[in-house]
Amino acid sequence: MKQLRTPLILTILIILTVTSATRAQQSQPTLQIVDLKSADGIVLKATYFPAAKPGPGILLFHQSNRTRTSWNDLARQLAAAGINTLALDTRGYGESGGTRREATQPEKQQADLETAFRFLVSQPGVLRDVIGSAGTGWLGVDNSVQIARLHPNNIKSLVLMSGETLRPGIEFLHQTPQLPELFVVADSDEYPPTVEAMLLLYARSSSPTRKLIHYSGEHDAPWLWYETSDASKVPATGSHGTDLFKTYPDLPDTIMQWLVTTLIKTPGHAPADPLAAAVIVNQLEMPDGIAQVTRQFTEARRTDPYAQLWPEISLDIIGSDHMRLAEVERTAGQTSESQAERKLGIEIFKLNLLAYPDSADAHFNLADSYLQDGQKALARQLAEEALAMIDSHKAPLSSWSDTEQRRAEIRNGVQDILKKLNAAQ
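Residues numbered from 1 in each chain as written. Predicted model: local features only at pLDDT ≥ 70, side-chain atom pairs only at ≥ 80, totals over all residues. Heavy atoms only, no water.

## Comments concerning the overall build of the protein
Note the following rule: Starting at the N terminus, helices and strands are each numbered in turn, a helix being any DSSP run of H or I of at least four residues and a strand any DSSP run of E of at least two. For every residue, the accessible area obtained with a 1.4 Å probe (protein chains only) is divided by the maximum for its type, and the residue is called buried under 20%, exposed over 50%, and partly exposed between those limits. Residue contacts follow a heavy-atom distance rule, with two residues in contact if any of their heavy atoms lie within 4.5 Å. In these tables, accessible area is a Shrake-Rupley quantity obtained with a 1.4 Å probe, and a residue counts as shielded only by the protein chains included in the view. Positive charge is attributed to Lys and Arg, negative charge to Asp and Glu, and no charge count is given to His or to the chain ends. Charge coordinates come from a single atom per side chain, which is NZ of Lys, CZ of Arg, CG of Asp or CD of Glu.
When helices and strands are tallied, the protein shows 17 helices and eight strands. Each of the 425 residues in the protein was classed as buried or not, and the buried ones make up 49%. At a minimum sequence separation of 6, the contacts of the protein that also span at least 24 residues come to 69%. Accessible surface, the protein: about 21,500 Å² in total, of which carbon and sulfur atoms supply 55%. Put simply, the protein has 40 plus and 49 minus side-chain charges, and the middle of one group is 7 Å from the middle of the other.

Structural data, given as structure tokens:
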């Protein structure tokens, strides 16, 4: 009887499968269930997801109708991305001791938050001055904001979902313009007026880098919570807090990318958001607005050398609109009006270059504007600088676009400016 042999290709497939499975297991963060003793002796249960190498940390706070386990999938993603993650059962919830009434008493709440914070920053490899905080529902959002109030120099990023905080927390958000904040809410949230509460938080925040994710719906959720006075009887819509992860599968990745940006790539910083910067952008169109915004920007940079108050693309569009209108007015014979528009366009582009000095795009816009205004020496200087930056590839073309097609387009535009200047000599 012949001995059966395993075909070579099957053997290779088996080896590859086992190897892949082993690597997958090794890449999965090893979670740790931990007991944290608060100041009054109450034990708080938490899950710690350590990253494989030194890096930032984050605290995750659940909503009142869920526990820390609702964060598990995202917590694993964060740890795999290099963020040490601690998910906590709030006092009186899940496996933590104490009562729910105690959870909102300021002294006990502060003690519990301090206990969680101290544990996280004491872990090997955790960068104690680069910590994030994320919370869902009124319970988690308030905890997330309060820990940022307690440690404003350590907390570098917030994620606030489907909740609210009390007046001290609202004022903290208003008075902390340097803190990146991600707000998430859905119109179909089953606990009205969550949407209005979240939009109030967003409106009161003063951070130009805050970002709003608002899932809109055709109909707002009914006011069942107020009608029943019992939140447990309200049917879930998949639109509150961490429930949103299943309803909107892309949301966890969006949150992860936000935290990777604000805790790893550029700790404590996020790109300025057009909606968040609306007040500043509108101010530019007011009398003496450009000078006022310039002063605000200069002051912000004194406090934070990396502060950005507006997106580069916003002023790119505004400046271009002024230059287009100037050309229309010039063609119509409205010389003085055209000159005034052109001067405004130049001032806008100068301000943008001040904020984004590494942008070849910003150099090109100002060079082109100077050329239209007849300031040839300045046009040449900026065009040559732009061309050198494009050719060096040391930095992205701009803060918002760096495709090869657009690099080629701007390069052609810069070369066209130089050809016109050379022809005029």
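## Overview of the nonpolar core
Our working rule: Buried Ala, Val, Leu, Ile, Met, Phe, Trp, Tyr and Cys residues form a nonpolar core when they are joined through side-chain atoms within 4.5 Å.
Formed by 35 residues in total, the largest nonpolar core has its most connected members in L36, L59, L86 and L160. Tallying contributions element by element places helix α4 (residues 106–122) first for this core, with six residues. Excluding residues that lie within four positions of it along the chain, L36 makes contacts with I42, V43, L44, A46, L86, L88, T115, A116 and F119. Core analysis: the next-biggest nonpolar cluster, separate from the first, contains 29 residues, F49, I58, A75 and L251 among them.

## Regarding the environment of V184
Here V184 lies in strand β7 (residues 181–186). The class of V184 is buried, set by a relative accessible area of 0%. Separated by 115 residues in the primary sequence, V184 and E299 place their C-alpha atoms 30 Å from one another. Ignoring any residue separated from it by four or fewer positions in sequence, one finds V184 in contact with L160, M161, S162, M198, I213, Y215, L244 and L251.

## What about the pattern of salt bridges?
Convention followed: The salt bridge definition used is simple: a Lys or Arg side-chain nitrogen within 4 Å of an Asp or Glu carboxyl oxygen.
Throughout the structure, instances matching the rule amount to 23 salt bridges. Between R118 and E114 there is a salt bridge; the shortest N-O distance is 4.0 Å. Taken together, the residues span about one helical turn, with R118 and E114 both in helix α4 at a distance of four residues. In this structure E114 comes out as buried when scored by relative accessible area, which is 17%. We note a salt bridge from E327 to R330, for which the minimum N-O separation is 2.6 Å. Of the two residues, E327 and R330 are both situated in helix α13 (residues 312–331); the distance of three residues between them amounts to about one turn of the helix. Exposure remark for R330: the relative accessible area of 48% places this residue in the partly exposed category. Residues joined in a network through salt bridges with shared partners are D40, R91, E102, K108 and D112.

## A short note on the pairing of strand β5 (residues 126–136)
Our working definition: Strand pairing is assigned whenever DSSP identifies at least 2 bridges connecting the two strands. Convention used here: a crossover is right-handed provided that the path from the first strand, over the helix, to the second strand proceeds clockwise when the strands point away from the viewer.
Within β5, eight of the 11 residues are buried, leaving the element largely enclosed by the surrounding structure. Relative to β5, strand β3 (residues 55–61) runs parallel, the two sharing six bridges. Bridge pairing links I58 to G132 in β5. Crossover β5 to strand β6 (residues 155–161) through helix α5 (residues 137–150) is right-handed.

## Points about the packing of aromatic side chains
Put simply, the test is: Two rings from Phe, Tyr or Trp (for Trp, the six-membered ring) form a pair when their centres are within 6.5 Å of each other. A pair whose planes differ by under 30 degrees is stacked, one over 60 is edge-to-face, and the rest are tilted. Charges are assigned to positions over rings by a cutoff of 6 Å between ring centre and Lys NZ or Arg CZ, combined with an angular limit of 35 degrees from the ring normal.
In this structure the tally under the stated criterion is five aromatic pairs. Ring plane angle 90° and centroid distance 5.6 Å describe the contact between F183 and Y202, whose orientation is recorded as edge-to-face. With F183 in strand β7 and Y202 in helix α7 (residues 194–204), this pair connects stretches of sequence that are 19 residues apart. Y202 shares its class with F183; the two are buried. Where Y215 meets Y248, the ring centres are 3.7 Å apart and the plane angle is 10°; that geometry is what we call stacked. With Y215 in strand β8 (residues 211–215) and Y248 in the loop between α9 (244–247) and α10 (251–265), this residue pair connects regions lying 33 residues apart in the sequence. The lysine or arginine in question, R210, covers the ring of Y202, its NZ or CZ lying 4.4 Å from the ring centre.

## Quick notes on the environment of I213
Mapping I213 onto the fold places it in strand β8. We classify I213 as buried; its relative accessible area is 14%. Note: C-alpha distance between I213 and L251 (38 residues apart in sequence) is 9.3 Å. Not counting residues within four places of it along the chain, the set of residues in contact with I213 comprises L182, F183, V184, V185, L251 and T254.

## A closer look at the packing of helix α12 (residues 289–303) against helix α14 (residues 335–355)
The following threshold applies: Angles here are taken between N-to-C directions and fall from 0 to 180 degrees, while the axes themselves are lines fitted to C-alpha atoms, restricted in helices to the stretch in contact. Throughout this description, any angle smaller than 35 degrees is read as roughly parallel, any larger than 145 degrees as roughly antiparallel, any in the 65 to 115 degree range as roughly perpendicular, and the remainder as oblique. Residue classes follow a fixed rule: Ala, Val, Leu, Ile, Met, Phe, Trp, Tyr, Cys and Pro count as nonpolar, while Asp, Glu, Lys and Arg count as charged, and any other residue, Gly among them, counts as polar.
Contact pair α12 / α14: the axes reach a minimum separation of 11 Å and the direction vectors enclose 5°. The angle between α12 and α14 places the two elements in the roughly parallel class. Contacts between α12 and α14 involve I290, V293, T294, F297 and R301 from the first element and L344, E347, I348, L351, L354 and A355 from the second. Each residue belonging to the contact of α12 with α14 can be placed in one class, and the counts come to eight nonpolar, one polar and two charged.

## Quick word on the side chain of S207
Quick note on the threshold: Counting of polar contacts relies on pairs of N or O atoms within 3.5 Å, with two restrictions inside protein: one atom must be capable of donating a hydrogen and the other of accepting it, and residues adjacent in sequence are counted only when both atoms are side-chain atoms.
Along the polypeptide, S207 turns up in the loop between α7 and β8. Of note is the side chain of S207, whose polar atom sits 3.4 Å from the backbone oxygen of P177. Not counting the four nearest positions on each side in its chain, S207 is found in contact with T176, P177, L179, P180, E181 and A276.

## A short note on empty space enclosed by the protein
The condition is simple: Site definitions follow a grid-based scheme: protein atoms alone, a 1 Å grid, a 1.4 Å probe that fits but cannot get out for cavities, and for pockets an open set with protein on both sides within 12 Å along at least five of seven lines, plus lining residues having an atom within 4 Å of a point. Grid points are joined across faces, edges and corners, and a volume is the space filled by probe spheres set on the points.
Inspection of the entire model under this criterion finds one cavity of 30 Å³ or more. Within this model, the largest cavity holds a volume of roughly 70 Å³. What lines the largest cavity is simply L44, F61, L88, D89, T90, R91, A103, Q109, D112, L113 and N143. At three residues, α4 tops the list of elements feeding residues into the lining of the largest cavity. Residues that form the lining of the largest cavity fall into these classes: five nonpolar, three polar and three charged.

Nothing here speaks to function; it is geometry throughout.
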